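Chain by chain, the residues:
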Amino acid sequence: MIYFDSAGSFPVLDEVKSSLIESINNYYANPSSDHAAGTEAHDEIEKVRELIAGMIGASTSEIVFTSGATESNNLALKGLLNSQVTEGKKHIVTSQIEHKCILSICSYLEKIGYEVTYLSPCSTGIISSSSVLEALREDTALVSIMHVNNELGTINPISEIGKLCFENSILFHTDAAQSFGKLPIEVDELNVDMLSLSAHKIGGMKGVGALYVRDARDIDITPVIHGAGQEIGIRGGTVATPLITSLGKACEVFPNQYRNASFTGLKELLETELNARGITYSINGSEGLPHIISLSLPDIDVMTFLLSHRSEFSLAQGSACSSKEVEASHVLKAINFNREKAERTIRLSFDFNTTTDSVKTLVEKLWRFYSN
Ligand SMILES: Cc1ncc(COP(=O)(O)O)c(C=O)c1O
């Protein structure tokens, strides 16, 4: 099986696996307990909090551990809108290309009386800061725009968007699940008030992530999960020490490995091979993160190819079966793909185990399928 779905989940790094086991063995005590074993577990968590804060230019008191980016996004949006900071303001600005979890949070917020503006991207998949500015209103409570899009790999101008939100005194959240550990992030440079991240996109475990909240101690955020005061009262539940240790390990080792990986070379090889085999293709979205490629193959029945090669390749499709019919993904729809074009689109995302042979094999199999 050749895995091309690191944007779905990055393979867990060996260092992460070892650190997880070590933490399970060493830090089994409840980190809220007063005894020495509890204090050790607590200190271990604080070490990782410091590491993450350092990576993004934040203070330790601004990092809240969660179960992943979905929960962080819920906490950011619902937690803030339920608080007094945004009282009386009923408008939210987001985009059509956000991860489904943001869209479903917004759809819930609409049901309870908020109005949401969903910005369209330009044809290359970018949300412009001018479109955000145009959408702002007197009653805008919050803007939430993702950093890197998970289907296209495109990078939004977060720093510009954050600046204009700041100038208009509007809080700004970014979903950085796909960019954390891959792009440099400085919360002050990006002008963000809140930022979501997830471990399993950087070779860590599923089920752990964090939310950065600017001045978390002073800002009035209502928890989504009420509990016994953990995480400065913002997120209840016993803090998952082993998962957090392993997130810390992923933070330590992933960025360097990512920087040194030859994703651009693999992408160039993909194009060379497609050209050599005479396969027509296009790459969607403007230049973004090098390990994510949204690839359209107009002359290939991609859905049938994927079905017949299910056990050979793990690839994400540009379309999905809804209850009634095949539908283009919401991201491809937003850049004006029709169903047929989306059906012929795949997302490849490379990881540290992807080799030149993996890429060559894929193109060869595509070519064989196409020639038959
Ligand atoms: C942009 C983006 N946001 C949020 C999520 C959800 O993250 P998690 O699986 O940690 O809840 C993902 C993962 O698919 C993502 O790509």
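Keep in mind the model is a prediction, meaning the values are calculated, not measured.

The rules behind these values
- Residues numbered from 1 in each chain as written.
- Predicted model: local features only at pLDDT ≥ 70, side-chain atom pairs only at ≥ 80, totals over all residues.
- Buried ≥ 20, exposed ≤ 12 C-beta atoms within 10 Å, placed from the backbone.
- Helix = DSSP H or I, 4+ residues; strand = E, 2+ residues; numbered from the N terminus.
- Pairing = 2+ DSSP bridges.
- Expected span 1.5 Å × (residues − 1).
- Contact = placed C-beta atoms within 7 Å.
- Core = buried A, V, L, I, M, F, W, Y, C linked by C-beta atoms within 7 Å.
- Domains from an automatic or database assignment.
- Nonpolar A, V, L, I, M, F, W, Y, C, P; charged D, E, K, R; others polar.
- Near = placed C-beta within 6 Å.
- Axes fitted to C-alpha atoms, helices over the stretch in contact; angles between N-to-C directions.
- Parallel < 35°, antiparallel > 145°, perpendicular 65-115°, else oblique.
- Left-handed = near helix turned anticlockwise from the far one by under 90°.

Colleague: I'd like to hear about the pairing of strand β15 (residues 345-349), residue by residue, with values.
Modeller: With 5 of 5 residues buried, β15 is to be regarded as a mostly interior element. The side-chain alternation of β15 yields two buried faces, one formed by T345, R347 and S349 and the other by I346 and L348. Bridge count between strand β10 (residues 292-296) and β15: 5 bridges; the pairing is antiparallel. Across the sheet, residue L295 finds its bridge partner in β15, namely I346. Sheet analysis places strand β12 (residues 316-317) next to β15, joined by 2 bridges and oriented antiparallel. Opposite Q317, over in β15, you have I346 as the bridge partner.

Colleague: If you had to explain helix α3 (residues 69-81) to someone new, which residues and values would you point to?
Modeller: The end-to-end C-alpha distance of α3, which contains 13 residues, comes to 18 Å, matching closely the 18 Å that a straight helix rising 1.5 Å per residue would cover. Judged by how many residues are buried, α3 sits mostly within the fold: 12 of 13 residues are covered. Taken together, the buried positions of α3 are A69, T70, E71, S72, N73, N74, L75, A76, L77, G79, L80 and L81. Of the surrounding secondary structure, the elements contacted by the buried residues of α3 are β2 (63-66), α4 (100-111), β5 (140-144), β6 (171-175), β7 (194-198) and β8 (209-213).

Colleague: Tell me about the nonpolar core, residues and numbers included.
Modeller: One finds L142, V143 and Y212 to be the most contacted residues of the largest nonpolar core, which totals 91 residues. With 7 residues, the top contributor of residues to this core is helix α8 (residues 241-260). Discounting residues that sit within four places of it in the chain, Y212 has contacts with I56, A58, E62, I63, V187, M194 and L195. Judged by nonpolar contacts, the second largest core, of 9 residues, contains I97, L152, A328 and A334.

Colleague: If you had to explain the domain arrangement of the protein chain to someone new, which residues and values would you point to?
Modeller: We note that the domain assignment places domain 1 (14-254) and domain 2 (261-371) within the protein chain. One C-alpha centre belongs to domain 1, the other to domain 2; they are set 30 Å apart. Contacts between domain 1 and domain 2 engage 16 residues on the former and 14 residues on the latter. In terms of residue class, the side of domain 1 that touches domain 2 is made up of 6 nonpolar, 8 polar and 2 charged.

Colleague: Report on the site of the ligand, specifying residues and quantitative values.
Modeller: For the ligand, the full set of nearby residues is G68, A69, T70, H99, C101, M146, N150, D175, A177, Q178, S198 and G209. Its residues assigned to classes, the shell around the ligand shows 4 nonpolar, 7 polar and 1 charged.

Colleague: An account of the sheet that holds strand β4 (residues 115-119) is requested, with residue identities and associated values reported.
Modeller: Overall, mixed pairing links the 7 strands, which are arranged β2-β8-β7-β6-β5-β3-β4 in an open sheet. A strand with exactly one partner marks an edge of an open sheet, and here the two such strands are β2 and β4. Going across the sheet, the axis of each strand differs from the next one's by a mean of 20°, ignoring polarity. Note that β2 and β8 share 4 bridges and pair antiparallel. Residue pairing across strands places V64 opposite L211, the latter belonging to β8.

Colleague: Describe in detail the packing of α3 against α4, supporting the description with residues and values.
Modeller: When two helices pack together, their arrangement is given by the angle between the helix axes and the distance between those axes. Between α3 and α4, whose axes approach to 9 Å, the crossing angle comes to 25°. In this view, α3 runs roughly parallel relative to α4, as classed from their interaxial angle. Crossing geometry of α3 relative to α4 is assigned as right-handed. Residues T70, N73, N74, L77, K78 and L81 of α3 lie in contact with α4, whose contacting residues are C101, I102, I105 and L109. Residues belonging to the contact of α3 with α4 are distributed by class as follows: 6 nonpolar, 3 polar and 1 charged.

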